[in-house]
Structures are given as structure tokens and as C-alpha cells.
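The lines below spell out each chain.
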Amino acid sequence: MEITKEHIKCWINKINEKITENKCYLTKLDQPIGDGDHGVNMERGFQATVNMLETTSYDTVSSMLKACALSVMSKVGGAAGPLYGTAFLRMSLHLNGAQLVTEKMFIEALEEAVVGMKKRGRTEVGEKTMIDVWAPVVEKLQKDGAFHASAIIQTAKEARNKTEHIAASKGRASFFKEKSVGYIDPGAASSYIIFEALAETLEEGACQRG
Ligand code: ADP
Ligand code: MG
């Protein structure tokens with residue numbers, strides 16, 4: 001399967017739709033172990049990115065991802081904006097110069113995204129952050145060598161739910177130490193949404209036709 005600009009646009013649109021639907025849920029997750037702005041941050045940033053994609057044309061998947069990176073970085077804000085922005089930027093850099101993006105290349109780009117996010121956040125798996133979803137999902141993709149929608153969704157969901165049992169050691173939630181146990185991490189929840197949107201995008205023929 002080839003990953004096209006239409007796929008990327010569809011992915012971002014789906015993220016935006018799902019974030020809008022789940023804005024209150026994300027906000028509620030960020031209240032007990034943060035400052036309650038994650039839903040608002042994500043909605044603002046992804047709506048701006050959708051608007052940008054509607055009004056601009058791009059030559060390649062890479063250049064489109066780069067524009068998304070800059071938009072997400074500056075418009076989402078908070079801790080999550082620069083981290084998600086880094087993910088898109090790393091993907092863009094990995095795919096730079098490619099006219100055709102294969103499934104394998106896209107999986108490698110996602111691996112690069114995780115490397116970049118860990119570096120930017122100085123985060124490893126098990127610290128109750130978005131990395132706790134990104135790392136296992138991308139590991140699963142690497143192992144499968146292909147996008148299987150149900151496997152992506154299941155892995156992401158399990159990973160998101162596991163963050164409930166972890167005490168945070170990064171981000172605002174780390175101020176709560178052991179008291180952060182018992183709550184799902186908001187960034188893990190929005191990352192689940194990002195991968196659910198990706199799985200649905202690559203599953204649906206409609207997006208391929210644009
Ligand atoms: P803020 O914490 O500035 O209010 P958000 O509420 O938008 O920003 O995002 C919070 C989410 O960001 C957390 O739930 C967590 O998943 C993620 N996060 C925070 N710090 C880090 C970090 N150092 N590495 C990875 N993810 C992080
Ligand atoms: Mg917050």
C-alpha cells in the first residue's frame with residue numbers, strides 16, 4: 001500500500017473530529033493530575049491544522065507533514081504541542097525527498113517519531129506519558145511490518161489503560177507522584193485517538209481516493 005497526501009489529510013481530519021468529540025473527556029483526565037487544558041489545547045491545535053491543510057497545497061507527504069508539525073507545535077501548545085510536533089517533524093524528515101511512500105517507509109517514519117519524542121521529552125516508557133502509547137504501538141507495527149487496524153487499536157487501548165496504574169515521573173502529573181496513580185494519562189488518551197484515527201484512515205478505501 002502507498003501512503004499518500006490524501007491519507008495524511010484524512011488522518012489529521014479524523015484526529016480533529018475525534019478530539020472534538022472527546023474534548024471534555026481529555027479535559028477531565030487532565031484535571032486531577034494536571035491543569036485541565038489538554039482537551040482545549042488539542043482541539044485548538046488540530047482545528048488550526050485542518051484549516052491549514054484545507055487552504056494550502058503540498059508537493060509531497062514530507063512537506064505536508066512538516067507543515068503539520070509546525071502548526072501542531074505552535075497551536076496545540078502546552079507540553080503536548082512540542083512533543084506531537086516533534087513526532088510529525090521526525091516523520092517528515094525521514095520521508096524527505098520521497099515521491100512514493102510505502103507502508104514500510106511510513107512505519108520507519110513512526111519509529112523515528114518515537115526516537116524524537118523520547119529525546120525531546122527526556123522520557124522513557126513507564127513514566128505515564130504519551131510515550132507509553134507511542135512506543136508499544138510502533139513496536140507492534142515494526143513486528144507486524146504492516147498496518148492491521150484491529151491490532152493497532154487494541155495495542156493502543158491496552159497501553160493507554162495501563163497508564164492508570166503508573167505513578168507519573170514526567171510532566172505536570174509528576175508533581176502528584178504516587179497520587180497520580182488511578183488516573184489515565186491525558187496524553188496517552190489523545191495518543192490512543194491519534195492511532196485509532198490512523199488505523200481507520202488506512203483501513204478505509206475512501207481516503208485513498210481523496
Ligand atoms: P501541559 O502539561 O503543559 O498542561 P497538556 O495538558 O497539553 O500540557 O499535555 C499533557 C500531556 O503531555 C501529559 O498527559 C503527557 O502525556 C505529556 N507529557 C508531558 N510531559 C512529557 C514528557 N516530558 N515526555 C512525554 N510526554 C509528556
Ligand atoms: Mg495540561
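Going by an unreviewed UniProt entry, the protein chain carries the name phosphoenolpyruvate--glycerone phosphotransferase and comes from Candidatus Pseudogracilibacillus intestinigallinarum. Under the UniProt heading Function (unreviewed entry), the note attached to the protein chain is "ADP-binding subunit of the dihydroxyacetone kinase, which is responsible for the phosphoenolpyruvate (PEP)-dependent phosphorylation of dihydroxyacetone. DhaL-ADP is converted to DhaL-ATP via a phosphoryl group transfer from DhaM and transmits it to dihydroxyacetone binds to DhaK." UniProt, in the comment section headed Subunit (unreviewed entry), describes the protein chain in these words: "Homodimer. The dihydroxyacetone kinase complex is composed of a homodimer of DhaM, a homodimer of DhaK and the subunit DhaL."

Chemist: What is the right way to read the UniProt feature "domain: DhaL" (unreviewed entry) in the protein chain from this model?
Modeler: As recorded in UniProt, the sites labelled "domain: DhaL" (unreviewed entry) are residues 6–200. Structurally, residues 6–200 comprises 71% helix and 1% strand, and the distance from its first C-alpha atom to its last is 13 Å.

Chemist: Help me out: how do you make sense of the site of ligand 1 in this one?
Modeler: Around ligand 1 lies a shell of 19 residues, among which H38, G121, T123, D185 and G187 are the nearest. D35 is positioned such that a nitrogen or oxygen atom in its side chain is 3.0 Å from an oxygen atom of ligand 1. Contacts to ligand 1 include N41, whose side-chain N or O atom sits 3.0 Å from an oxygen atom. Considered on its own, ligand 1 offers 570 Å² of accessible surface; in the complex 91% of this is hidden by protein. Taken together, the elements giving at least two residues each to the shell around ligand 1 come down to α3 (38–55), α5 (80–94) and α9 (186–203).

Chemist: It is not clear to me how the coordination of the magnesium ion (ligand 2) should be interpreted in this structure. Could you clarify?
Modeler: Coordination angles at a metal have ideal targets, namely 109.5 degrees for four tetrahedral donors and 90 or 180 degrees for six octahedral donors. Within the protein, the magnesium ion (ligand 2) binds to D30 (OD), D35 (OD) and D37 (OD); these donor distances fall in the range 2.1 to 2.3 Å. Given a relative accessible area of 25%, D37 falls into the partly exposed group.

Chemist: Looking at this model, I keep getting lost on the packing of aromatic side chains. Mind explaining?
Modeler: One pair of aromatic rings is described through two measures. These are the centre distance and the angle between the planes. Under the counting rule described, the total for this entry stands at 5 aromatic pairs. Ring geometry for W11 against F106: centres 6.2 Å apart, planes inclined by 70°, an arrangement best described as edge-to-face. One end of the pair, W11, is in helix α1 (residues 5–21); the other, F106, is in helix α6 (residues 103–121), with 95 residues separating them in the sequence. Take W11: its relative accessible area is 1%, and that puts it in the buried class. Using a relative accessible area of 1% as the deciding quantity, one classes F106 as buried. Each ring, one from Y84 and one from W134, has its centre 6.4 Å from the other, and the planes form 40°; the classification is tilted. Of this pair, Y84 sits in helix α5 while W134 is found in helix α7 (residues 131–144), placing the two residues 50 residues apart along the sequence. Across the pair, exposure class does not vary: Y84 and W134 are buried alike. Here the aromatic residues W11, F88, F106 and F147 are joined through ring pairs into a cluster of three or more. The ring of Y192 has R160 sitting right over it, with the charged end atom 4.6 Å from the ring centre.

Rules used throughout
- Residues numbered from 1 in each chain as written.
- Chains lettered and ligands numbered in written order.
- Predicted model: local features only at pLDDT ≥ 70, side-chain atom pairs only at ≥ 80, totals over all residues.
- Heavy atoms only, no water.
- UniProt positions renumbered as here; feature names shortened; annotations may be inferred.
- Helix = DSSP H or I, 4+ residues; strand = E, 2+ residues; numbered from the N terminus.
- Near = heavy atom within 4 Å.
- Polar contact = N/O pair within 3.5 Å; in protein donor to acceptor, adjacent residues only side chain to side chain.
- Areas by Shrake-Rupley, 256 points an atom, 1.4 Å probe, with all protein chains shown as cover.
- Donors = N, O, S within 2.8 Å, 3.2 Å for Na, K, Ca; no water.
- Buried < 20%, exposed > 50% of the residue type's maximum accessible area, 1.4 Å probe, protein only.
- Phe/Tyr/Trp six-rings, centres within 6.5 Å; stacked < 30°, edge-to-face > 60°.
- Lys NZ or Arg CZ within 6 Å of the ring centre and 35° of its normal.

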